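Observations on chain architecture
Next come the chains, spelled out residue by residue.
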Number of protein chains: 2
Amino acid sequence: MPASAPHSGPGAAPEPTRREKQREATYAEIVETSLVLLRENEDLSLRAVAQRMGMTAPALYRYVGSYSELVDLVALRIDQAATVRFAAAADEAAPDDPAARLVLAVTEFRTWAMGSPREFSLVFAHPVAEPGCRPGEPLTAAASAELFTVLLHDVWRATGFAVPAVEDLPDAVRTAVLDPAIPGPQHLLPEHERGFGWVSMQGWAQLYGVVALEVFGHVDARLLASGELFLSTIARFAPDLGLAEDAPRLVALARERIAASS
Amino acid sequence: MPASAPHSGPGAAPEPTRREKQREATYAEIVETSLVLLRENEDLSLRAVAQRMGMTAPALYRYVGSYSELVDLVALRIDQAATVRFAAAADEAAPDDPAARLVLAVTEFRTWAMGSPREFSLVFAHPVAEPGCRPGEPLTAAASAELFTVLLHDVWRATGFAVPAVEDLPDAVRTAVLDPAIPGPQHLLPEHERGFGWVSMQGWAQLYGVVALEVFGHVDARLLASGELFLSTIARFAPDLGLAEDAPRLVALARERIAASS
DNA sequence: ACCGTTACGTTAACACCGTTTACCGTGAAT
DNA sequence: ATTCACGGTAAACGGTGTTAACGTAACGGT
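Residues numbered from 1 in each chain as written. Chains lettered and ligands numbered in written order. Predicted model: local features only at pLDDT ≥ 70, side-chain atom pairs only at ≥ 80, totals over all residues.

Regarding its fold elements, chain A presents 11 helices and 0 strands. When burial is assessed residue by residue, chain A has 37% of its 262 residues classed as buried. (Helix = DSSP H or I, 4+ residues; strand = E, 2+ residues; numbered from the N terminus. Buried ≥ 20, exposed ≤ 12 C-beta atoms within 10 Å, placed from the backbone.)

What follows is the structure, encoded as structure tokens:
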């Protein structure tokens, strides 16, 4: 370990050397080139990425250990990029309207997924959990999940919807809720309010479920295009979030956004 | 076209000649060999299938037009085989207990999916809908979907749960419901009762969603193993099926089955 | 019973893939 | 100025889907 740079006190910034910056740059270029390939509907391969960068395939092995490692990296990057898109959608609503913010974000999630099915598959339909992955480990590609959790949390603060008591939860749920796998505001909650995490997971299951169903097309094509299945999912979940009164407005908001993006 | 066989009246059975039977046999052997490969966690490739059959890869092109066509065929076969498994699970309940039959079948669906993630992915996380697929076309690999529709229909006949009026449905939903993409008992319903199809689709979305989420592991691993997310989905949907009173019993039934299979 | 046609299988080859090996120039560090 | 790790290359191995050319055996009609 080169303690290299002078004038760097212990714990100071890593002081990236020229080599390191160069390396970091090509690292980023590799991932970015992969994104371009996906966007242009060509298949992602080491040779294709290398060729677009003016390199040869074996050179990439100086940066990634294997093809699947590249895929993991790309999936992480996609998740990040998509998340800023979701966040931007949320920001189209007023800051004091957390329900609208949540609805806009999840609607953007659906729009993005249906417009970028390859990317969606890479991030959300991948064998993310190896059997050897020990339980309780934080999930990868969780930036979007964290965003949705935060937005849901804001709704909770606004409506104060009912949340199950921690002691009433089944054992497995309680231990999972007390030690969340997704980073976010749950960690700051007092233990007796951690039931919120359970509602959050159920909501995520609803959202992921209907979007995956639509993306993979296991539903009537006409229904799919209209987005009514997605809208009905929102409408059905709204009451659990203390938004029974707001449901028509929120569904209209989502419907409008879907219509605008098609 | 050889009108070949003698004594074959018009419209009679195709009277399969020896060649045709032989062809059909190898056709089936190809698919069956593919299933074995999947079951043994080896990757499905034309060469691997051919080798196991004592043939060479190009010979398979006499039967399938391409690799992806083989995959489609295998997916169809998997769906069929899995469906008989789900039906067998349903038959473990009394014939006059349609709610239990439905719950056992969907629980078996989850168990199967988590035990055979490769097969599940092949059938349910595949680009089933090409952009050129015109709307209203019957879905492939719909045997399981049809089974669940039938079971749900039996529940409806028993409990008579509320179903939306056809004229109240959004346009896209109404046209889809009046001309269902999934074969099943909906076709026999009078038009004013076709709202059942909408409930059926919503239920399918719930089931598919939570199972896909669990299979692809985008949820806390401990939660996943316990199956509580799946159970809560059942509990949440039961009231919509007129099974509010029955919910605890049905959830207990599902929980018991999950515990037995792990 | 013969013959032509058709179906079914082979081998060889092409283009692509991930991955490993051996080699080598350049640039940073001592 | 020398050393040496880093970042690149070309060549090669085994694998994939796919096509072309070629043989052979079985069927159908006369």
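Turning to the relation of the copies chain B and chain A, a few remarks are in order. Superposing chain B onto chain A takes a rotation of 180° plus a shift of 0.0 Å along the axis, which leaves an RMSD of 0.1 Å. Such a combination of turn and shift is consistent with a two-fold rotation axis. Nearest to the rotation axis, the C-alpha of Gly209(B) is located 1.6 Å from it, this being the minimum over chain B. Both copies share a contact surface, since 97% of the interface residues of chain B are interface residues in chain A too. (Least-squares fit on C-alpha atoms with pLDDT ≥ 70 in both. Contact = placed C-beta atoms within 7 Å.)

This part is about the domain arrangement of chain A. Domain parsing of chain A yields domain 1 (17-65) and domain 2 (78-260). Just the C-alpha atoms count here: the centres of domain 1 of chain A and domain 2 of chain A sit 32 Å apart. (Domains from an automatic or database assignment.)

What follows is about the protein's contact with DNA strand C. Near DNA strand C there are 21 residues, and of these Ser45(A), Arg47(A), Pro58(A), Tyr67(A) and Ala59(B) occur at the shortest range. Residue classes in the surface near DNA strand C are distributed as 10 nonpolar, 5 polar and 6 charged. (Near = placed C-beta within 6 Å. Nonpolar A, V, L, I, M, F, W, Y, C, P; charged D, E, K, R; others polar.)

Attention shifts here to the protein's contact with DNA strand D. Close to DNA strand D lie 22 residues; Thr56(A), Ser45(B), Pro58(B), Ser66(B) and Tyr67(B) are nearest. Looking at the surface near DNA strand D residue by residue, the class counts come to 10 nonpolar, 6 polar and 6 charged.

Our focus in this paragraph is unusual backbone geometry. Phi at Asn41(A) is positive, roughly 60°, even though this residue is not glycine. For Asn41(A), the location among the structural elements is in the loop between helix H1 (18-39) and helix H2 (46-52).

A few words now on the confidence of the model for chain A. Here chain A averages 89 in pLDDT, while 89% of its residues score no lower than 70. Low pLDDT (under 50) marks residues 1-12 of chain A, which in the prediction has 3 contacts with non-local residues, meaning those over four places away or in another chain. (pLDDT = per-residue confidence, 0-100.)

Quick look at the environment of Ala57(B) now. Residues and elements named next belong to chain B. With respect to the helices and strands, the residue Ala57 is situated in the loop between helix H2 (46-52) and helix H3 (67-90). Along the chain, Ala57 and Ala181 lie 124 residues apart, while their C-alpha atoms are 36 Å from each other. Setting aside residues up to four positions removed in sequence, Ala57 forms contacts with Leu46, Arg47 and Ala50.

Our next topic: the packing of helix H4 (residues 98-115) of chain B against helix H6 (residues 143-159) of chain B. Residue and element names in this part refer to chain B. It is the contact of H4 with H6, at a shortest axis distance of 8 Å, that shows an interaxial angle of 155°. Taken together, H4 and H6 sit at an angle that is classed as roughly antiparallel. Seen along the crossing, H4 lies across H6 with a hand that is left-handed. Of the residues in H6, those touching H4 at Pro98, Ala99, Arg101, Leu102, Ala105 and Val106 are Leu147, Phe148, Leu151, Leu152, Asp154, Val155 and Ala158. (Axes fitted to C-alpha atoms, helices over the stretch in contact; angles between N-to-C directions. Parallel < 35°, antiparallel > 145°, perpendicular 65-115°, else oblique. Left-handed = near helix turned anticlockwise from the far one by under 90°.)

Here the focus is the interface of chain B and chain A. Listed by partner, the interface residues are 38 residues for chain B and 37 residues for chain A. Here the side of chain B that touches chain A takes 9 residues from helix H8 (residues 195-215) of chain B, the largest share from any one element. Its residues placed into classes, the side of chain B that touches chain A shows 24 nonpolar, 11 polar and 3 charged.

Residues and elements named next belong to chain B. Secondary-structure assignment places Asp97 in the loop between H3 and H4. Under the C-beta neighbour-count criterion, Asp97 is labelled partly exposed, with 19 such atoms within 10 Å. Between the alpha carbons of Asp97 and Ala125 there is a distance of 32 Å; along the sequence they are 28 residues apart.

With that settled, the discussion passes to helix H10 (residues 228-237) of chain A. Within H10(A), burial applies to Glu228(A), Leu229(A), Phe230(A), Leu231(A), Thr233(A) and Ile234(A). Contact partners of the buried residues in H10(A): helix H4 (98-115), helix H8 (195-215), helix H9 (221-226) and helix H11 (247-260) of chain A together with helix H7 (171-178) and H8 of chain B.

As a rule of thumb, nonpolar side chains are buried together in soluble globular proteins. If you look at the biggest cluster of nonpolar residues, it comprises 124 residues, and the most contacted ones within it are Ala105(A) and Ala105(B). Here Ala105(A) is in contact with Phe86(A), Ala89(A), Ala90(A), Leu147(A), Phe148(A) and Leu151(A), once residues within four sequence places are set aside. (Core = buried A, V, L, I, M, F, W, Y, C linked by C-beta atoms within 7 Å.)

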